[in-house]
Amino acid sequence: MFLKFGTTNSEDVLIITEDYEIKGTVFNVGFSKKNRFLSDLLNKANKNFIAVKDCEIMYKNRGGETEFIDFLQINMRYVVLIRPLKPEEKSEFLANKKG
């Protein structure tokens, strides 16, 4: 018999900083329920950085230039806002991820 100590949950999010708008997938390893995912991720005391996978980065100071990268870590000190992607944003994000 295997014991399940926790699960890995993911959420496609929009992260806004002063200089960037980032769409990507964040992961929360633990016991979080779906409705508490972002709260639990942000409230972990030992989290100075959050990992983001499959990122679309829009540079505000470069006229909206966009870059796609596989992985980055964001210093939480610079995060102004983080929220789940809206359904219309999510479908566009998923299409860009594939292509």
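These notes cover the structure that comes with them.

## Looking at the packing of aromatic side chains
Now for step 1: Under the criterion given, the structure shown has one aromatic pair.
Now for step 2: Aromatic side chains Y20 and Y59 sit 5.4 Å apart centroid to centroid with 75 degrees between the ring planes, which places their arrangement in the edge-to-face category. Placement of Y20 in strand 2 (residues 20–30) and of Y59 in strand 3 (residues 49–59) is noted, with a sequence separation of 39 residues between them.
Now for step 3: Using a relative accessible area of 10% as the deciding quantity, one classes Y59 as buried.
Now for step 4: For the cation-ring pair, R62 lies above Y59, with the distance from its terminal atom to the ring centre recorded as 4.1 Å.

## Concerning the pattern of salt bridges
Now for step 1: Applying the stated rule across the entire model yields two salt bridges.
Now for step 2: Residues R62 and E65 are paired through a salt bridge, measuring 3.4 Å at the closest nitrogen-oxygen approach.
Now for step 3: Look at R62 and you get partly exposed, because its relative accessible area is 47%.
Now for step 4: For E65, a relative accessible area of 39% gives the class partly exposed.
Now for step 5: Here E89 ties to R83 by a salt bridge, and the two come within 2.8 Å at their closest N and O atoms.
Now for step 6: Since its relative accessible area comes to 16%, E89 is described here as buried.
Now for step 7: Using a relative accessible area of 23% as the deciding quantity, one classes R83 as partly exposed.

## Focus: unusual backbone geometry
Glycine aside, residues mostly have negative phi, and peptide bonds are mostly found in the trans state.
Now for step 1: At D54, a residue that is not glycine, the phi angle is positive and equals roughly 55 degrees.
Now for step 2: For D54, the location among the structural elements is in strand 3.
Now for step 3: Residue D54 is classed as partly exposed on the basis of its relative accessible area of 22%.

## Topic: the environment of L85
Now for step 1: Position of L85 among the secondary structure elements: in the loop between strand 5 (79–84) and helix 2 (87–98).
Now for step 2: Put simply, L85 and K23 are 62 residues apart on the chain and 7.9 Å apart in space, counted from C-alpha to C-alpha.
Now for step 3: Apart from residues no more than four positions distant in its own chain, L85 is found in contact with D12, V13, L14, K23, K90 and F93.

## Focus on the layout of surface pockets
Now for step 1: As a volume, the largest pocket reaches approximately 180 Å³.
Now for step 2: T17, E18, D19, Y20, I22, I57, L72, Q73, I74, N75 and Y78 are the residues that line the largest pocket.
Now for step 3: The element that contributes the greatest number of residues to the lining of the largest pocket is strand 4 (residues 66–75), accounting for four residues.
Now for step 4: Among the residues making up the lining of the largest pocket, the classes are represented as six nonpolar, three polar and two charged.

Definitions and cut-offs
- Residues numbered from 1 in each chain as written.
- Predicted model: local features only at pLDDT ≥ 70, side-chain atom pairs only at ≥ 80, totals over all residues.
- Heavy atoms only, no water.
- Phe/Tyr/Trp six-rings, centres within 6.5 Å; stacked < 30°, edge-to-face > 60°.
- Helix = DSSP H or I, 4+ residues; strand = E, 2+ residues; numbered from the N terminus.
- Buried < 20%, exposed > 50% of the residue type's maximum accessible area, 1.4 Å probe, protein only.
- Lys NZ or Arg CZ within 6 Å of the ring centre and 35° of its normal.
- Salt bridge = Lys/Arg side-chain N within 4 Å of Asp/Glu carboxyl O.
- Contact = heavy atoms within 4.5 Å.
- 1 Å grid on protein atoms, 1.4 Å probe; cavity = no way out; pocket = protein on both sides within 12 Å on 5 of 7 lines; lining within 4 Å.
- Points joined across faces, edges and corners; volume = space filled by probe spheres on them.
- Nonpolar A, V, L, I, M, F, W, Y, C, P; charged D, E, K, R; others polar.

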